[in-house]
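# Tertiary structure, described
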Amino acid sequence: MHNNSTTVIQQGNETIVPKEIKNLFAGGLAGMLAKTVVAPIDRIKILYQVTAIPFRLRDVPMVAKKIIKEEGVSALWKGNTVTMIRVFPYAGIQFMVFNSIKSYFVDRHEEEYWHSHPHPSDEHASISRKNTIEKDKIWGMSALESLAAGSCAGVISVLFTYPLDLTRAQLAVLKKQRGSRNGFVNVLMKNYNNGGAKGLFRGITPTLLGMLPYAGVAFSTNEQAKRHLTKVYDRDPTVVEKMLCGGVSGLFAQSMTYPFEVTRRRMQTTGVLLQTQDTAVNVLGGCVETKAARDAAKIAEEHIIHEAHLKSPSMFLVMKQVLKEQGVNGFFKGLTMNWLKGPVSFAISFTTFDVVKDWFEREEAQWRGNR
C-alpha cells in the first residue's frame, strides 16, 4: 500500500508536489474559469431571487441591456472579483477533499482485494504499480461512496469560504458607481460590525441543507457516469463526454436544491436593499409591463422595508415570506436560467479539473519513466 501523505517529497534533486496540492490547484483553476464564464447570468439571477418581481426568461436580455446602459459592461461581472477570491479555495478544497476521500475508498477496495485473493492473477498483480488514473478505473467508488464523498467535500468547502459568498451576493444587488463605498472590504466589514462573527454566516443553514444533496448528487452523477463510459467503451471518456457528464450532473443537482438557493440569497441580502439607494433591482421593474408585476414589485418593497428592521430572519421566516408573496413558484424563480447556466458551469468545471489533473498525472509518470 502506498501512503497519500501531504508532505512534499524530495527525490534526488527533484521535488514531487503532493497529490492533494495538485488537486487543490486544479480544482481552484476549474472553479475560477467556470464562474467567470457564467457570472453575468448569476448576477441577473440573484437580482430576481431577492425580489418578488416575476421572472420571465425573455426579459433577461433586456435586464442585461439596462445594466450595461446604467453601469457599464463590466457591471455584468459585478462581484466577480470576490467570486474569484472565494472560488479558488472553494472549488480547490471541494475537489481536493473529494479526491482524498476517493483515494481512501480506492485504497480500501484494493486492500480488500489482496485479502480476498492471496494468489492474484498476473493482470491484478501489477495494479499497485499503476498510476492513480489506472487504479481509479479498476477499483473506483460505488454510487453511495461517491455521494458521501461529494456531500462531505461540499460542506467543508462552504464552511471555509461562506463569508465571501455572502459578500458576493450583497455586491450583486448593489449598483456599480464610481466613488461608491460599496466595495468588497466595506461590505464584508459591515456584516461583521452588524452581527459579529455570526453576521458573516447569515444564511448558512439553507446553504448547508442544500449543499449536502447538491454536491453529493453532482459529484456522484459525474463520477459514476465517467466510470460507466470507461467500462462500456474500454477507454477514457473524451473531453466532450466529460463535459456532458459534468453538465448533466449539474442539471440534476441544481434543480433538486434550487429552493434552498433562493432562501439563501434572500437571507444574505436582508436589509441591504433598503439601507442604501445604490441598489440595482430597479433594472428589473422596467422590464415587466403587467399589473401583476407592478403589484409584486410593491409587495417586494414593503417586504424589504420589513426586513430592514430584522437583524437576521430565520430560514423558516424567509421561506414563509417567499411562499406568501409568490407561492411555490417563488422557490423556483430563475431556475430556467440555471438550466442554461448550470450545465455550462459544471461542464467547464469538471472537465477543466480532469484535464489539469490528468496532465499532472502524465507529467509525473513521464518524469518517473525518465529516471
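In this report, the structure presented in the accompanying data block is examined. (Residues numbered from 1 in each chain as written. Predicted model: local features only at pLDDT ≥ 70, side-chain atom pairs only at ≥ 80, totals over all residues. Heavy atoms only, no water.)

### Regarding the packing of helix 6 (residues 143-172) against helix 9 (residues 239-268)
Helix packing geometry: the angle between the two helix axes and the distance between the axes. As a reminder of what qualifies: Only the stretch in contact is used when a helix axis is fitted, and all axes are lines through C-alpha atoms; the angle between N-to-C directions ranges over 0 to 180 degrees. Strands here are runs of E lasting at least two residues and helices are runs of H or I lasting at least four, both read from the DSSP assignment and numbered beginning at the N terminus. With respect to orientation, any angle under 35 degrees is reported as roughly parallel, any angle over 145 as roughly antiparallel, any angle of 65 to 115 as roughly perpendicular, and every other angle as oblique. Contacts were defined at the residue level, with two residues in contact if any of their heavy atoms lie within 4.5 Å.
Two elements in contact, helix 6 and helix 9, have axes separated by 9 Å at closest approach and are oriented at 80 degrees. Overall, the two elements helix 6 and helix 9 adopt an arrangement that is roughly perpendicular. Across from Tyr162, Asp165, Leu166, Ala169 and Gln170 in helix 6, the residues of helix 9 making contact are Arg264, Arg265 and Gln268.

### Comments concerning empty space enclosed by the protein
To be explicit about the condition: Space inside and on the surface of the protein is sampled on a 1 Å grid over the protein atoms alone, with a cavity defined as a set of points where a 1.4 Å probe fits but cannot get out and a pocket as an open set with protein on both sides within 12 Å along at least 5 of 7 lines; lining residues have an atom within 4 Å of a point. Grid points are joined across faces, edges and corners, and a volume is the space filled by probe spheres set on the points. Gly falls in the polar group here, along with every residue not listed as nonpolar (Ala, Val, Leu, Ile, Met, Phe, Trp, Tyr, Cys, Pro) or charged (Asp, Glu, Lys, Arg).
Inspection of every chain in the model, using the stated rule, returns three cavities of 30 Å³ or more. Considering only enclosed or pocket space, the largest cavity measures out at about 640 Å³ in volume. As for the largest cavity, its lining consists of 37 residues, and the residues nearest its centre are Lys35, Arg86, Tyr90, Met211 and Tyr214. Of all the secondary-structure elements, those providing two or more residues to the lining of the largest cavity are helix 1 (19-49), helix 3 (80-116), helix 6, helix 8 (204-233), helix 9 and helix 14 (335-369). Within the lining of the largest cavity, the residues separate by chemical class into 17 nonpolar, 10 polar and 10 charged.

### A few points about the pattern of salt bridges
Opposite charge on two side chains lets them pair, provided their charged atoms get close. We count it as follows: Salt bridge, as used here: a side-chain nitrogen of Lys or Arg that lies within 4 Å of a carboxyl oxygen of Asp or Glu. For every residue, the accessible area obtained with a 1.4 Å probe (protein chains only) is divided by the maximum for its type, and the residue is called buried under 20%, exposed over 50%, and partly exposed between those limits.
Considering all chains together, one arrives at 17 salt bridges under this definition. Salt-bridge contacts for Asp354 lead to Lys226; the nearest nitrogen and oxygen are separated by 2.8 Å. Residue Asp354 is located in helix 14, and its partner Lys226 is located in helix 8; the two are separated by 128 residues in the primary sequence. The two residues Asp354 and Lys226 agree in class, both being buried. Within the structure, one salt-bridge network assembled from shared partners comprises Lys35, Asp42, Lys45, Glu261 and Lys341.

### Topic: the environment of Ser220
Summarising the element assignment, Ser220 is placed in helix 8. Look past the residues within four positions of Ser220 in its chain and what remains in contact with it is Ala143, Ser146 and Leu147.

### Observations concerning a nonpolar patch on the surface
Definition in use: Only residues whose relative accessible area exceeds 30% and that form no salt bridge enter a patch; like-charged residues are grouped when within 9 Å of one another, and nonpolar side chains (Val, Leu, Ile, Met, Phe, Trp, Tyr) when within 5 Å. Accessible surface area values rest on a Shrake-Rupley calculation with a 1.4 Å probe, where residue burial reflects the displayed protein chains alone.
A grouping of Leu33, Val37 and Val344 is seen on the molecular surface, where their side chains present a nonpolar patch of about 230 Å² in accessible area. As for its position among the elements, Leu33 is in helix 1. Judged by relative accessible area, Leu33 falls into the partly exposed class, the value being 43%.

### Looking at the packing of aromatic side chains
Threshold: Pairing of aromatic side chains requires ring centres within 6.5 Å, counting the rings of Phe and Tyr and the six-membered ring of Trp. Pairs whose planes differ by under 30 degrees are stacked, by over 60 edge-to-face, and all others tilted. Whether a charge lies above a ring is judged from NZ of Lys or CZ of Arg, which has to be within 6 Å of the ring centre and within 35 degrees of the ring normal.
What the rule picks out here adds up to 13 aromatic pairs. Considering the side-chain rings of Phe95 and Phe350, the 5.8 Å spacing of their centres and the 85 degrees angle between planes classify their relative orientation as edge-to-face. Note that Phe95 is positioned in helix 3 and Phe350 in helix 14, a separation of 255 residues in sequence. Considered together, Phe95 and Phe350 belong to a single accessibility category, that of buried residues. Taken together, the ring pairs connect Phe95, Phe98, Tyr214, Phe219, Phe346, Phe350 and Phe353 into an aromatic cluster. The ring of Tyr90 has Arg86 lying over it, and the distance from NZ or CZ to the ring centre is 4.4 Å.

### Overview of the side chain of Glu71
Here is the rule we go by: Here a polar contact means two N or O atoms within 3.5 Å. Within protein one must be a hydrogen donor candidate and the other an acceptor candidate, and residues neighboring in sequence count only if both atoms are side-chain atoms.
Relative to the helices and strands, Glu71 is located in helix 2 (residues 60-71). At 3.5 Å, the side chain of Glu71 and the side chain of Arg43 are in polar contact.

### Remarks on unusual backbone geometry
Notably, Asp234 is not glycine yet its phi reads approximately 55 degrees, a positive angle. Among the secondary structure elements, Asp234 is positioned in the loop between helix 8 and helix 9.

### A word on helix 3
As a reminder, the rule being used: Working rule for helices: expected span equals 1.5 Å times residues minus one. What the bend at a residue measures is the angle between two axes, fitted to the seven residues ending there and to the seven starting there.
With 37 residues, helix 3 should reach 54 Å at 1.5 Å per residue; the first-to-last C-alpha distance of 52 Å fits that figure. Of all the bends in helix 3, the greatest reaches close to 35 degrees and is centred on Val87; the proline Pro89 follows between one and four positions later.

### Section: the nonpolar core
In plain terms, the rule: We define a nonpolar core as any set of buried Ala, Val, Leu, Ile, Met, Phe, Trp, Tyr and Cys residues linked to one another through side-chain atoms lying within 4.5 Å.
Counting residues in hydrophobic clusters, the biggest one holds 30 residues, and the most contacted among them are Phe98, Val158, Met211 and Phe219. In terms of residue count, the dominant contributor to this core is helix 3 (10 residues). Phe98 has contacts with Met141, Ser146, Ala149, Gly150, Ala153, Phe219 and Glu223, leaving out every residue within four places of it along the chain. If you look at the next biggest cluster of nonpolar residues, it comprises 21 residues, including Leu47, Phe55, Val173 and Met337.

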